[in-house]
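Letter by letter, the chains look like this.
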Amino acid sequence: MKSTLSRRKLLQSSALAVAASAMPSFAQPKPATGKPSPVRLGMCSYTFRNFTRAQMIPFLKQLPITELNAKDTKDHLPTDPQQEQAAVDDYKANGIHLHAAGAIYFRKNEEADVRAQFDYVKRAGISVIVAGDPTPETLPRIEKFAKEYDIRIAIHNHGPEDKLWPGPLDILKDIKGLDPRIGCCIDVGHTVRAGTDVVEAIRAVGPRLFNMHMKDLASFTDKESQVAVGAGKMPIRAIFEALIAVGYGGFVDLEYEIRADDPMPGVIESIAYMRGVLTGMGFKTEA
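As the structure is a prediction and not an experimental result, all values here were calculated from the model. (Residues numbered from 1 in each chain as written. Predicted model: local features only at pLDDT ≥ 70, side-chain atom pairs only at ≥ 80, totals over all residues. Heavy atoms only, no water.)

*Asks:* Which parts of the structure should I look at to understand the nonpolar core?
*Replies:* Among soluble globular proteins, nonpolar side chains are generally buried collectively. Among the nonpolar cores identified, the biggest contains 80 residues, and Phe118, Ile239 and Phe240 are the most heavily contacted of them. The element best represented in this core is helix α10 (residues 264-280), accounting for 8 residues. Excluding residues that lie within four positions of it along the chain, Phe118 makes contacts with Phe106, Ile129, Ile142, Phe145, Ala146, Tyr149, Ile151 and Ile153. Judged by nonpolar contacts, the second largest core, of 7 residues, contains Ala103, Val128, Ala154 and Cys185. (Core = buried A, V, L, I, M, F, W, Y, C linked by side-chain atoms within 4.5 Å. Buried < 20%, exposed > 50% of the residue type's maximum accessible area, 1.4 Å probe, protein only. Helix = DSSP H or I, 4+ residues; strand = E, 2+ residues; numbered from the N terminus. Contact = heavy atoms within 4.5 Å.)

Right, here's the structure in full:
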């Protein structure tokens, strides 16, 4: 136990040192306002895809992060109704709130298949579906269920490999005439790899922005260059400023996809850096 505790404190101290050393890049820190941060941080459960729910919950408590974007991976949010309810009860008992689910894939443009995805999310009390692969042809059917269930759809962009929607602006073109519950999940890493200015994308998407996947890259043209947030080139402060400017009410969910067998050092560094940026902007953060 002693070695685990000392390692944890070392990681936290190191992460805070990283955030503090980066302060000049935040521009001039503003005087503390004491106001809670309007930018709220969450976690993609995919970050812990190699860990069970029982292992992930203590990680979230250690950070501490209480907001989770859950995915049907391991036993994080199973699709079986009984197992799903057990997961929901587990999260509630540990003070963890499920604010989004995904990525969820709409494999078939069929009534029963699409309804099943909405039922899955509704049972968990979740209000946002992060949609991984809808097509323009499936959107009218998805829109119908979004209205019926009053659940928002955040279409996830997947970078230059995505032939339909590499960036958020590509999504925006196809959803402008649809119900306002159809919107975007901006993945900042995929966005910059698609050659899109992520700050401008946030401003353009505006009220149709329902979820954010946060990561950092050492190179905006290399998918494999992911690093801890703050160690790469992502303009974190400018992103936060843009989110505040458009009145974004959702969560910025860390999706740390590297070092899947030992993600916590990078996760701790990433969360500490983002909290450091928000502190430098004059806000009181949750930890």
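After that view, the rundown keeps rolling.
*Asks:* So what exactly am I meant to see when it comes to the environment of Val198 here?
*Replies:* With respect to the helices, strands and loops of the structure, Val198 is situated in helix α8 (residues 198-205). Each C-alpha atom of the pair Val198 and Pro235 lies 8.6 Å from the other, and the pair is 37 residues apart in sequence. Other than its neighbours up to four places away in sequence, Val198 contacts Ile186, Val188, Thr191, Val192, Pro235 and Ile239.

*Asks:* For this particular structure, what's the right way to read the sheet that holds strand β5 (residues 152-156)?
*Replies:* Within the closed barrel, the 8 strands sit side by side as β1-β2-β3-β4-β5-β6-β7-β10. Their pairing is parallel. Along the sheet, successive strands turn relative to each other by an average axial angle of 30°, direction set aside. Where strand β6 (residues 182-187) meets strand β7 (residues 209-214), 4 bridges bridge the pair, whose relative direction is parallel. Opposite Cys184, over in β7, you have Leu209 as the bridge partner. Lying over the sheet, α8 contacts β6 and β7, oriented at roughly 165° with respect to β6. (Pairing = 2+ DSSP bridges. Axes fitted to C-alpha atoms, helices over the stretch in contact; angles between N-to-C directions.)

*Asks:* I would appreciate a short explanation of the environment of Ile271 in the present structure.
*Replies:* With respect to the helices, strands and loops of the structure, Ile271 is situated in helix α10. A sequence separation of 17 residues divides Ile271 from Leu254, and the C-alpha atoms of the two residues are 7.9 Å apart. Contacts of Ile271, omitting those with residues within four sequence positions, involve Leu41, Met43, Leu63, Ile65 and Leu254.

*Asks:* What's the story with unusual backbone geometry in this structure? I'm lost.
*Replies:* Comment: phi is negative for the bulk of residues other than glycine, and the bulk of peptide bonds are trans. The omega angle of the peptide bond from Leu63 to Pro64 is -20°, so this bond is cis rather than trans. A cis amide bond, omega 5°, links Gly102 with the succeeding residue Ala103. Structurally, the position occupied by Ala103 is in strand β3 (residues 97-104). If you check the backbone angles, Lys74 has positive phi at about 50° while not being a glycine. Examined against the element boundaries, Lys74 turns out to sit in the loop between β2 (67-70) and α3 (81-93). A relative accessible area of 52% means that Lys74 is categorised as exposed. Phi is positive for Asp150, which is not a glycine, with a value near 55°. Counting through the fold element by element, Asp150 comes out in the loop between α5 (139-149) and β5. Assessed through its relative accessible area of 53%, Asp150 is described here as exposed.

*Asks:* How do you make sense of the pairing of β5 when you look at a structure like this?
*Replies:* Walk down a regular strand and you will see the side chains alternate between the two sheet faces. Across the 5 residues of β5, 4 count as buried, placing the element largely inside the fold. Bridge analysis of strand β4 (residues 128-131) against β5 gives 4 bridges, and the strand direction is parallel. Paired with Ala131 across the bridge in β5 is Ile155. In this fold, the crossover linking β4 to β5 by way of α5 has right-handed handedness. Direction of pairing for β5 relative to β6: parallel, over a ladder of 4 bridges. Note that in β6 the partner of Ala154 across the bridge is Gly183. The parallel pair β5 and β6, bridged by helix α6 (residues 168-175), forms a crossover whose chirality is right-handed. (Right-handed = clockwise from strand over helix to strand, strands pointing away.)

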